[in-house]
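What the coordinates show
Here are the chains, one letter per residue:
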Amino acid sequence: MFSKRLLWGFAIVFLFLSVVALVTNMPEKKSKRVYSEILETFPYEIRKEFGGLDIIDKRTGKDLDVANSKVFVAFDELLKKWGKTHIKLEGKTVYVLDDNKKIVKKIVLKNQEELHFVKEFFGL
């Protein structure tokens, strides 16, 4: 009933759609050192739970309702939105601010890659 060509065609289309879905849901590249230091003060975290991954608000303990396939992209978007009001860049120094605009953390950038990451990721 089905020809081998049709079966191969379905397999190729399925493979193509899988690769497209994988690429579009990948998080952006980050500077490991700067990213990990900023995450220490970020009020959200990703936790592995029975149903998959969840984004949890550290302040309230509530989880955000995000599909498992989009957890990392949604986490990056939350970080960017938070960073617009809580991250200040002066020269090669990044200041992480709290909700009252007081400096919580100071990060000195070591090279141009880290500076480029902060400018591009947070739009500063």
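Located above this text is the structure these notes cover.
We now turn to the structure provided with this report.

Conventions used here
Residues numbered from 1 in each chain as written. Predicted model: local features only at pLDDT ≥ 70, side-chain atom pairs only at ≥ 80, totals over all residues. Heavy atoms only, no water. Helix = DSSP H or I, 4+ residues; strand = E, 2+ residues; numbered from the N terminus. Salt bridge = Lys/Arg side-chain N within 4 Å of Asp/Glu carboxyl O. Pairing = 2+ DSSP bridges. Buried < 20%, exposed > 50% of the residue type's maximum accessible area, 1.4 Å probe, protein only.

Let us look at unusual backbone geometry. The backbone of K101 sits at a positive phi, close to 65°, despite the residue not being glycine. With respect to the helices and strands, K101 occurs in the loop between β5 (93-97) and β6 (103-108).

In the structure shown here, the tally under the stated rule is 8 salt bridges. One salt-bridge network, held together by shared partners, links R33, E37 and E114.

The strand order across the open sheet formed by 3 strands is β1-β2-β3, and the pairing between neighbours is antiparallel. Both edges of this open sheet fall to β1 (44-49) and β3 (63-64), since each of them pairs with a single strand only. Bridge analysis of β1 against strand β2 (residues 52-57) gives 6 bridges, and the strand direction is antiparallel. Paired with E49 across the strands is G52, a residue of β2.

In this section: the environment of S69. Mapped onto the fold, S69 is located in the loop between β3 and α3 (71-86). Judged by relative accessible area, S69 falls into the partly exposed class, the value being 46%. Between the C-alpha atoms of S69 and L115, which are 46 residues apart in sequence, the distance is 30 Å.

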